[in-house]
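Each chain is listed here by its residues.
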Amino acid sequence: MYKNNKIFTLIIAIILCFNIRAPLFATPAQTAEGGCRYPDYCKEYIGNDRFEKFNRKMYNFNAKLNKYALRPIHVIWASIMPKYGMDRIQSAYHNIEYPKRLVSTLLQKDFKAAGTETLRFLTNSTIGLGGMYDPAKKLFKMEAKEEDIDQGLAKCKIKRGPFLVLPGTMGTTPRALAGRLIETGLDPTTYIASPIAALVKMGIFVNRTSFMQPLSILLERTYADPYDITRKLYGIESYIKLSNLDRKDILDEEAKILEEVTVESGEVLMSSNETKGELLSENTNEEELITKKEPDLLNVNEDTEEKNETITEDDKIATNETLKGKAYADDKLLHEAIQNTLDIEPDIILENYNPQTPVVDSMRTALFSLPGIDESIWSELSIWNRSFSKRIRTSSVELTPEREKYKFRYIMQRDKSSPLAIIYPSIGEGIMSHHSVVLAKLFYDAGYSVVIQGSHFHWEFIKSMPKDYKPGMPEDDIKSLRLATKSIVDKIENKYDTKVRKKVLLGTSFGAFTTLFMADKEDKEKLIGIDKFISINPPIELIYALKELDKNNEEWNKNPSNLKHKTACTAAKILNLYNQKDEKDFKIDTLPFSDYEGKLITGFILRQKLSDLIYTMENTKDTDKAKLYRTINNTSFADYAQKYLVKSSGKNVDDLSHMASLHSISDFLRKNNNYKIYHTVDDYLTNKNQLARLKEYTGKNTVLISNGGHLGELYREEFINHFKKEIALNETVETTTPAATAE
């Protein structure tokens, strides 16, 4: 197991929480290390995988051993010992590990840290009842130093060696293995030999290793290639520890140095409050910024947009074709000019939001949560854990013969005919999406049964479809999604021999975009019988939105020389923020990230989503994985669109542009009233021109919110209260008790 599974678990948890969407068009000016167009984080942090074939085989063996042999033991243990007891045992064992931390700090010649660890050990061993509690931190503000011998050996300039997967490990290196052997000699429990002591040691081992199970489950269910993401996160974790970036004082110092260097190199780190109104000077002539040329959406970086300072009657009835005559140059000043040509008034004001930049504000979506979702006195593994997220069941339907069954999650009310809410998540999100669970809780509390589906851009959906299915064409995607949703609803109704009284479909981001296309299709040909559609932050013009995201994905390229250190510092900031969230007085007014760091995080996430997609479509038993990943790291979303959509569909670029926009379903939006759209006025995937057109199509069916970027408004009370009113039922529905949930 990892030497510090807490850091590793937190990194992956935060990555999953930052629910940010995927880009499409990219033309990077430089290449990442190793000649790749985009950063290969595995190679950046741990070098070439010299023993990849062996490592993959051993990783798969360990995964099966863990799933079928170790996990049942951990489930039994977690069902006997409440979470509080498990935490106390873990804390006591951490205290016993003091010798390894002392030796590590001495090897690093960090005598201050050695003194702190000694004081912590003495304090926690006495006042803390043998280390079960941590008064050293709570009473005396002495922060723990998570040191191990690997760090000390690294300080002694001992080389790391190649990445290895050995029995019982998710990943290690020769130096880390040597460190573990030395730590075994420093562990006081090694020298205690008696039957009772052996049982105690076995209990400590089971307790300690059980904390890795949630991570293992997360890897299995979330990623198409768990081995690859494990290598990436292992590399980042190791770098953070070896650089002591897990210490707040060192992280703050490094972040300050990086910010100074970044500013000197010319990167923009100002907040939106500093930049708004300053990007265009009083003497700027907007006419001089307009470039007249024909759009080539797959091969240029121009932002296609019609100059539109006022909305005329002709503009209101214009179709998307009228937007194709002019193209703006790829210039940040010009983008701000577009955004400020119209004055869009929000319907909901988020008081004291303290906006930063649209990308960083979008990251506040990670704060979206509700009480009771994961709260329990029992571990996540325990069979007694009855938190809301654990009560959601998993089932599957067959969509394509001889292909994998498609999984979905659901939770039922006691009255099985209760209204049913169906949730479509954002692009690349699977059925374990945190946002989907929070939205499910809102619906469930309002009296709905709930079905959670995954994105049709998620690898599990691809595996359930015909082998030639390539997601991205709205017309084809809707056919596939309707089949999946209809099959799921039919299975639930047949299982409980009932007909649900009402169906509501909700989507976020790209799922919101798909939701509106589903509404248009259902209006023309009822198949599922959905009564209402709710769309949160849908892209209005998908091509435009994906190009904007692509720019974020290219942010690393502005200063690639120090990418490794900057990425690790950003990840360490996330961990520091996450560790503070359980503190009594914790409150977030702003996030501690620059615009650059926000884009760095989203770029990491978005590339991973594309990687999972291509890996699933192209991987076979005999595929050279290293070669496949070189291809992936040289593939932009523009390349994906060109290879899998344009060429295979026979559609041209103009057709794709119009089809992938809400303008193409404007007739439905004008004529119907069975939908609601939530949008923010500062969503960086749209501009005010597009929002004005959307508002004209939809009227009061669109609710505009003052801040939040892309989905960064979800956690706010103003949004949640409005949403609750929107989904409120006029009928009395008996909600389910924990013991009465569906299978």
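As the structure is a computational prediction, the values presented were derived from the model and not from experiment.

What counts as what
- Residues numbered from 1 in each chain as written.
- Predicted model: local features only at pLDDT ≥ 70, side-chain atom pairs only at ≥ 80, totals over all residues.
- Heavy atoms only, no water.
- Helix = DSSP H or I, 4+ residues; strand = E, 2+ residues; numbered from the N terminus.
- Buried < 20%, exposed > 50% of the residue type's maximum accessible area, 1.4 Å probe, protein only.
- Contact = heavy atoms within 4.5 Å.
- Areas by Shrake-Rupley, 256 points an atom, 1.4 Å probe, with all protein chains shown as cover.
- Pairing = 2+ DSSP bridges.
- Axes fitted to C-alpha atoms, helices over the stretch in contact; angles between N-to-C directions.
- Salt bridge = Lys/Arg side-chain N within 4 Å of Asp/Glu carboxyl O.
- Core = buried A, V, L, I, M, F, W, Y, C linked by side-chain atoms within 4.5 Å.
- Parallel < 35°, antiparallel > 145°, perpendicular 65-115°, else oblique.
- Nonpolar A, V, L, I, M, F, W, Y, C, P; charged D, E, K, R; others polar.
- Expected span 1.5 Å × (residues − 1).

Caption draft 1: Here's a closer look at the overall build of the protein. Within the protein, the regular secondary structure consists of 31 helices and 11 strands. A burial count over the protein gives 57% of its 743 residues as buried. For the protein, contacts bridging at least 24 residues in sequence account for 79% of all contacts bridging at least 6. Of the roughly 32300 Å² of accessible surface on the protein, 53% is carried by carbon and sulfur atoms.

Caption draft 2: Region of the structure containing the sheet that holds strand 4 (residues 393-397). Strand order in the open sheet made by the eight strands is 4-5-7-6-8-9-10-11, with mixed pairing throughout. Looking at the sheet topology across the chains shown, the edges are occupied by strand 4 and strand 11 (702-705). Taken pair by pair, the neighbouring strands of this sheet meet at an average axis angle of 20°, ignoring direction. Relative to strand 7 (residues 449-452), strand 6 (residues 420-424) runs parallel, the two sharing four bridges. Note on strand 7: the bridge partner recorded for L420 is S449. Across the sheet, helix 19 (residues 434-445) lies against strand 5 (406-411), strand 6, strand 7, strand 8 (503-508) and strand 9 (532-536), angled at about 165° from strand 7, the strand it touches most. Each of strand 10 (675-680) and strand 11 is contacted by helix 30 (residues 688-698), which is oriented at about 160° to strand 10, the strand it contacts most.

Caption draft 3: Representation of the pattern of salt bridges in the model. Evaluation of the coordinates by the stated rule reveals 33 salt bridges. Residue D252 pairs with K248 through a salt bridge whose shortest N-O separation is 2.9 Å. Pair noted here: D252 and K248 are both in helix 13 (residues 248-264), with a separation of four residues, about one helical turn. Classification of D252 as partly exposed rests on a relative accessible area of 39%. Put simply, E493 and K499 hold a salt bridge, and the shortest N to O gap is 3.4 Å. Overall, E493 belongs to the buried group, its relative accessible area being 6%.

Caption draft 4: How the structure looks around the nonpolar core. Ranked by size, the top nonpolar core spans 70 residues in total, and within it V451, F461, M518, Y640, L662 and L669 carry the most contacts. Sequence-distant contacts of F461, defined by excluding residues within four places in its chain, comprise L399, Y406, S455, H456, Y469, S480, L481 and A484. Residues I373, I411, V437 and F719 belong to the second largest nonpolar core, which totals 35 residues.

Caption draft 5: Main features of the packing of helix 24 (residues 563-580) against helix 25 (residues 595-618). As a packed pair, helix 24 and helix 25 sit with axes 10 Å apart at the nearest point and diverge in direction by 90°. When the axes of helix 24 and helix 25 are compared, the pair comes out roughly perpendicular. Touching L563, K566, T567, T570, K573 and I574 of helix 24 are Y596, E597, L600 and I601, all from helix 25. Grouping the constituent residues of the contact of helix 24 with helix 25 by class yields five nonpolar, two polar and three charged.

Caption draft 6: Representation of helix 21 (residues 474-495) in the model. Between its first and last C-alpha, helix 21 extends 31 Å over 22 residues, near the 32 Å set by a 1.5 Å rise per residue. Taken together, the buried positions of helix 21 are P474, D477, I478, S480, L481, R482, A484, T485, I488, V489, I492 and E493. Looking at the residues trailing helix 21, positive phi occurs at D497, about 50°.

Caption draft 7: The packing of helix 21 against helix 22 (residues 510-524), seen in detail. Across the interface, helix 21 lies against helix 22 with an axial gap of 10 Å and an inter-helix angle of 80°. By the criterion of interaxial angle, the relationship of helix 21 to helix 22 is roughly perpendicular. In this structure, helix 21 uses P474, I478, L481 and R482 to contact helix 22, whose residues at the interface are T514, F517, M518, K521 and E522. Grouping the amino acids of the contact of helix 21 with helix 22 by side-chain chemistry returns five nonpolar, one polar and three charged.

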